[in-house]
Every structure is written in C-alpha cells, then in structure tokens.
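As a plain string of letters, each chain reads:
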Amino acid sequence: MHYKAYNRYGDPLFRKKRAKGSRWTDEKGYLLYTDNDHPMASPRGTVLEHRAVLYDSIGPGQQHCVDCNAVIEWGSTLIVNHIDENRLNNSIENLEPMCHLCNWLYSAIKRQVERRLLNAWKR
C-alpha cells in the first residue's frame, strides 16, 4: 500500500469507502467522484470527472486528436485537455481529446511563451 495511505489510515489493509456520487479533488487538483457503473471507473469505482464528461459526450472507441488528427483510444493514448487549464472547469466546451505528444507540446509551448512574457515584463 502507498505510504500516504498508510500514514493517513494507519492500517495498510484499510481502504476508505466513499458513498456513491461523492465528489472530491485529488492531490493534482482534478475532480473525482464515485460511480462503479460508469465505463471510465477504476476498479475502486472512482472516476475522473473530466474524462467522464468527455466520454459521455464523444462516446467510446477510437477518436481523433484535435491537433494532429491521429487516431487515439480511451485508456491508452487519449488525453483529455482542459483548454483554459482550469482543472475544476469540466464543462464540455473546455475539454478536448489529444494525443500524448500534442498535449506535451501544447504544455511546453505554453510554458515557454509564459516564461518569455515574464522575462519581458521583468525588464
């Protein structure tokens, strides 16, 4: 068991049970909820809300990356991108499917632009 769970609950065999439909944020700032019946649910019954919202909107199966148009699939290569980078804003207008490479490039370019703007502002 993970050391944080051990420190939190004491007993390594204890698992915290959450009521169906309960919502919380994880350590990365993403919203999760409990629903064992959703196709995107983990074995423990937790669902990342942004993935569930996009899945319910575009459906299962193969999708296409919004940037490079590559074929991507749920569970392996599909990343859900928050357009406004607000992890709590899970409206369908704010979510888009991306491949790993495009998501990484999108984040790297945005960081580089922000760094340049910050350096220009400091001068």
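Residues numbered from 1 in each chain as written. Predicted model: local features only at pLDDT ≥ 70, side-chain atom pairs only at ≥ 80, totals over all residues. Heavy atoms only, no water.

Caption draft 1: Fine view of the overall build of the protein. For the protein, the helix and strand inventory stands at three helices and seven strands. Traced from its N-terminal end to its C-terminal end, the protein shows the element sequence α-β-β-β-α-β-β-β-β-α. The buried share among the 123 residues of the protein stands at 28%. Partitioning the contacts of the protein with sequence separation of at least 6, the portion at a separation of at least 24 is 30%. Accessible surface, the protein: about 8700 Å² in total, of which carbon and sulfur atoms supply 52%. (Helix = DSSP H or I, 4+ residues; strand = E, 2+ residues; numbered from the N terminus. Buried < 20%, exposed > 50% of the residue type's maximum accessible area, 1.4 Å probe, protein only. Contact = heavy atoms within 4.5 Å. Areas by Shrake-Rupley, 256 points an atom, 1.4 Å probe, with all protein chains shown as cover.)

Caption draft 2: Looking closely at the pairing of strand E7 (residues 95–98). Of the two faces of E7, both are covered, the one formed by Leu95 and Pro97 as well as the one formed by Glu96 and Met98. Judged from the four bridges that link them, strand E6 (residues 79–82) and E7 form a sheet pairing that is antiparallel. What sits directly across from histidine 82, in E7, is leucine 95. (Pairing = 2+ DSSP bridges.)

Caption draft 3: Geometry of the sheet that holds strand E2 (residues 31–34). An order of E1-E2-E3 is seen for the three strands of this open sheet, with the pairing classed as antiparallel. Only two strands of the sheet have a single partner each, and these edge strands are strand E1 (23–25) and strand E3 (46–48). Neighbouring strand axes in the sheet, compared pairwise and without regard to direction, differ in orientation by 30° on average. Looking at chain direction, E1 and E2 are connected through three bridges and run antiparallel. Note that in E2 the partner of arginine 23 across the bridge is tyrosine 33. (Axes fitted to C-alpha atoms, helices over the stretch in contact; angles between N-to-C directions.)

Caption draft 4: Focus on the packing of aromatic side chains. This structure, assessed with the given rule, holds one aromatic pair. Measuring from ring centre to ring centre gives 5.3 Å for tyrosine 55 and tryptophan 74, while their planes differ by 70°; the resulting arrangement is edge-to-face. Of this pair, tyrosine 55 sits in helix H2 (residues 49–58) while tryptophan 74 sits in the loop between strand E5 (71–73) and E6, and the two are 19 residues apart along the sequence. Just as tyrosine 55 is buried, tryptophan 74 falls in that class too. (Phe/Tyr/Trp six-rings, centres within 6.5 Å; stacked < 30°, edge-to-face > 60°.)

Caption draft 5: Representation of unusual backbone geometry in the model. For asparagine 69, which is not glycine, the phi torsion reads 65° and is therefore positive. Among the structural elements, asparagine 69 can be located in the loop between strand E4 (62–64) and E5. Classification of asparagine 69 by relative accessible area gives exposed; the value is 53%. In this structure, glutamate 85 takes a positive phi of about 60° despite not being glycine.

Caption draft 6: Spatial organisation of the pattern of salt bridges. The full count for this structure, using the stated rule, is one salt bridge. Notably, a salt bridge pairs glutamate 49 with arginine 23, separated by 3.2 Å at the nearest N-O pair. Residue glutamate 49 is found in helix H2, and its partner arginine 23 is found in strand E1; the two are separated by 26 residues along the sequence. Here glutamate 49 falls in the buried class, since its relative accessible area comes to 12%. (Salt bridge = Lys/Arg side-chain N within 4 Å of Asp/Glu carboxyl O.)

Caption draft 7: Highlighting the side chain of glutamate 96. Position of glutamate 96 relative to the elements: it lies in strand E7. Once residues lying within four places of it in the same chain are set aside, the contact partners of glutamate 96 are Leu54, Val66, Ile79, Val80, Asn81 and Ile83.

Caption draft 8: A look at H2. Taken together, the buried positions of H2 are Glu49, His50, Arg51, Ala52, Leu54 and Tyr55. Elements in contact with the buried residues of H2: E1, E2, E3, E6 and E7. With its phi angle positive at about 85°, glycine 59 sits one or two positions after the end of H2.

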